[in-house]
Amino acid sequence: MASWINPNETILLAMLAGLLAVDERAGWQSLLSNPVYIAVLVGLLLGEVRVAVATGVALELVWLSILPMRGSRRPDIVSGAVVGVGTSCLILRHTADPRELLVAAAGVFSGIVVGHLAGALNRGVGRVRGRSLARFEIPAGAGAGPLVRRLLAAQYLSLFSYFITAALVVAIALPVTVFLGDRSTGWANAPVVRGAGWWVQLLPAFGAAALVQNYWHRHLNRFLLLSAGLVLVVLWFR
Amino acid sequence: MVPVTANASASSALTRLDLLRVGLRCLFFQGLLHVRGMQNLSLMHALAPVVAKLDRDGSKKLLSKHLQFFNCNPNFAPLVAGGVLRLEAERLLGTAVTDQDVAHFKKAVSSPLAAMGDMLFMGTIKPMALTLACIFAIYNSFTGLVITWLLYNGVVVTCRLWGVYFGFRRGWEFVNVFSGSAFPRLLAIVQSIGASVGGALLAVVLYRAAREGTWQEVVSVATIIVAVTMLRRDGSAPRLALLLLPLCVLVALVSPG
């Protein structure tokens with residue numbers, strides 16, 4: 001393992017992931033738990049905002065097609081984004097690799113893989129949590145006090161389970177992805193760097209595809225096309 | 001259905017502070033989500049701070065009857081919580097409200113509100129906010145990101161906190177607000193704005209690809225078409241994205257520098 005992986009930074013990012021996971025799964029989903037905002041937070045924490053935002057935007061656009069509806073098999077976007085963006089920032093900060101697109105590609109790849117593995121883990125943890133909550137019983141004895149206390153305890157336990165799952169995933173995955181990312185970017189030759197760069201530049205197309213798919217209805221496609229046309233004209237003649 | 005009278009004393013059974021305490025618990029409404037009862041424990045947890053005021057004999061009956069299945073959109077669930085509190089307040093003041101009436105109210109309003117909330121928040125407002133945030137992030141506009149975050153959270157937090165108050169003030173009557181033409185009109189407007197923001201991101205993606213060269217633009221358009229086709233067949237965009245990496249590297253290896 002590379003000696004420059006700082007345990008304090010790993011713990012800091014793990015705690016951040018834990019807090020954001022509580023917001024994402026139990027809270028009001030304040031957007032801070034989405035990759036584009038996670039990128040800004042992690043970038044500011046690690047002092048590498050530029051590559052962080054490049055990685056975060058790519059992850060956001062890839063995951064934009066998966067709406068947070070109940071029943072959808074969602075990846076764990078919080079753990080995935082913290083690991084992905086953290087990987088990019090740590091590799092760049094400690095190696096000062098000038099090939100920013102390659103570093104971002106390493107982060108995006110790590111983020112997607114970790115997000116999907118952690119998503120599967122979350123579903124398992126969720127089943128255990130669900131089974132324990134389904135066994136919730138009204139406590140014997142008169143008075144609402146014990147019931148209110150039991151509800152509060154269940155809520156805190158549930159929030160803690162969200163926190164600890166995401167924190168552990170990040171604490172375990174981040175050093176591994178940083179190590180592997182550092183090694184693979186070190187080995188990458190010119191064609192690989194070029195290919196990885198193309199990949200990162202193509203990823204926004206997935207976000208665009210998700211939006212086209214989402215809004216391609218009889219009453220909405222005219223807004224989509226009109227706006228796209230207008231913005232293209234403005235950008236072209238700017 | 002319980003006839004709702006303009007009962008001013010029912011409204012005064014709970015103070016604004018009481019409703020705020022319920023609203024604050026509604027911010028973490030998904031915390032106790034589970035497959036069997038869905039959000040039943042969350043509703044019980046949200047109502048807990050005011051139970052002493054509405055259940056004067058100090059029994060746990062007011063809370064324990066909500067152990068039955070309850071499922072709603074978390075941003076609209078506070079409306080239901082407020083409505084339940086209104087019915088309980090009316091019962092406290094002597095109106096003929098039975099446990100069946102409360103259960104009927106929950107059952108009648110939760111499913112339509114769940115569908116409406118999912119369409120409005122998860123299907124429209126959130127993707128729109130994220131799309132806008134991506135555009136601002138692409139152009140390194142920190143101010144834009146902060147404004148988007150504030151606007152989105154303003155809407156969601158207000159909905160959760162004010163929802164309890166609105167549900168409590170209106171009781172059954174709040175159904176009229178959602179059953180009329182106002183909600184479909186609001187949804188249509190928000191969806192149009194969402195589609196326009198989506199169009200803007202589409203333009204940004206195409207413009208940036210065109211700046212890299214014709215080849216890059218052609219490949220981007222082809223990727224969009226393939227991804228849309230795949231998404232329509234319930235395919236996974238992240239998996240396709242992962243598959244694309246070795247393909248890009250392979251093309252780079254065989255193509256001249």
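Residues numbered from 1 in each chain as written. Chains lettered and ligands numbered in written order. Predicted model: local features only at pLDDT ≥ 70, side-chain atom pairs only at ≥ 80, totals over all residues.

**With respect to the overall build of chain B**
Inclusion rule: Every helix listed is a DSSP run of H or I at least four residues long, and every strand listed is a run of E at least two residues long, numbered separately from the N terminus. For the radius of gyration, the atoms used are the C-alpha atoms, and the globule rule reads 2.2 Å times the number of residues raised to 0.38.
Helices and strands together make up the secondary structure of chain B, namely 12 helices and 0 strands. When its helices and strands are written in sequence order, chain B yields α-α-α-α-α-α-α-α-α-α-α-α. Against the compact-globule benchmark of 18 Å for 257 residues, chain B has a radius of gyration of 24 Å, which places it well outside the compact range. If one aligns the C-alpha atoms of chain B with their principal axes, the spans along those axes are about 85 × 35 × 30 Å.

**Re the interface of chain A and chain B**
Under the convention used in this document: A pair of residues counts as a contact when their C-beta atoms, built from backbone coordinates, are separated by no more than 7 Å. Following the grouping adopted for this structure description, the nonpolar residues are Ala, Val, Leu, Ile, Met, Phe, Trp, Tyr, Cys and Pro, the charged ones are Asp, Glu, Lys and Arg, and the polar ones are all others, Gly among them.
Taken together, the 75 residues of chain A in the interface contact 76 residues of chain B. Sorting the residues of the side of chain A that touches chain B by element identifies helix H2 (35–46), helix H3 (49–63), helix H5 (100–134), helix H6 (145–187), helix H7 (190–202), helix H8 (204–215) and helix H9 (221–237) of chain A as the ones contributing at least two each. Sort the elements by how many residues they give to the side of chain A that touches chain B and H8(A) lands first, with 12 residues. Taken together, the residues of the side of chain A that touches chain B break down into 55 nonpolar, 16 polar and 4 charged.

**Describing the domain arrangement of chain B**
Residues and elements named next belong to chain B. Worth spelling out the cut-off: In this entry, domain limits derive from an automatic or database-based domain assignment.
Domain annotation for chain B reports domain 1 (11–179) and domain 2 (194–254). Inter-centroid distance (C-alpha atoms) of domain 1 to domain 2 is 39 Å. Taken together, the contact between domain 1 and domain 2 spans 8 residues of the former and 6 residues of the latter. Looking at side-chain class alone, the side of domain 1 that touches domain 2 contains 6 nonpolar, 2 polar and no charged residues.

**Brief notes about the packing of H5(A) against H7(A)**
Residue and element names in this part refer to chain A. The line we're drawing: To obtain an axis, a line is fitted to C-alpha atoms, over the contacting stretch when the element is a helix, and the angle between two such axes runs from 0 to 180 degrees between their N-to-C directions. A crossing counts as left-handed when the near helix is turned anticlockwise from the far one by less than a right angle, and as right-handed when that turn is clockwise.
For the pair H5 and H7, the least separation of the axes is 8 Å and the interaxial angle reads 65 degrees. The chirality of how H5 crosses H7 is left-handed. Packed against H5, whose contacting residues are Leu101, Leu102, Ala104, Ala105 and Val108, the element H7 presents Val193, Ala196, Gly197, Trp199 and Val200 at the interface. Along the lines of polarity and charge, the residues of the contact of H5 with H7 split into 9 nonpolar, 1 polar and no charged.

**Focus on H6(A)**
In an α-helix, one turn spans 3.6 residues, which is why side chains three or four residues apart end up on the same side. Worth spelling out the cut-off: Helix span, expected: 1.5 Å multiplied by one less than the number of residues in the helix. At any given residue, the bend is defined as the angle formed between two axes, one fitted to the seven residues that end at that position and one fitted to the seven that begin there.
For H6(A), which comprises 43 residues, the first-to-last C-alpha distance of 63 Å matches the rise-based estimate of 63 Å (1.5 Å per residue) to within 8%. Taken as a whole, H6(A) carries its principal kink of about 30 degrees at A:Ala173; the proline A:Pro175 stands between one and four residues after it.

**Some remarks on the domain arrangement of chain A**
Residue and element names in this part refer to chain A. Segmentation of chain A into domains returns domain 1 (7–202) and domain 2 (203–238). The centre of domain 1, based on its C-alpha atoms, is set 29 Å off from the matching centre of domain 2. Of all the elements in the fold, those that place two or more residues in the side of domain 1 that touches domain 2 are H3 and H7. Tallied by class, the residues present in the side of domain 1 that touches domain 2 amount to 8 nonpolar, 1 polar and no charged.

**Structural notes on the packing of helix H10 (residues 182–212) of chain B against helix H11 (residues 214–232) of chain B**
Residue and element names in this part refer to chain B. One way to put it is that H10 packs onto H11 with a least axis distance of 5 Å and a crossing angle of 145 degrees. Classified by chirality, the crossing of H11 by H10 is right-handed. Contact with H10, carried on its side by Val205, Leu206, Ala209, Ala210 and Glu212, involves Gln216, Glu217 and Ser220 of H11 and no other residues of that element.

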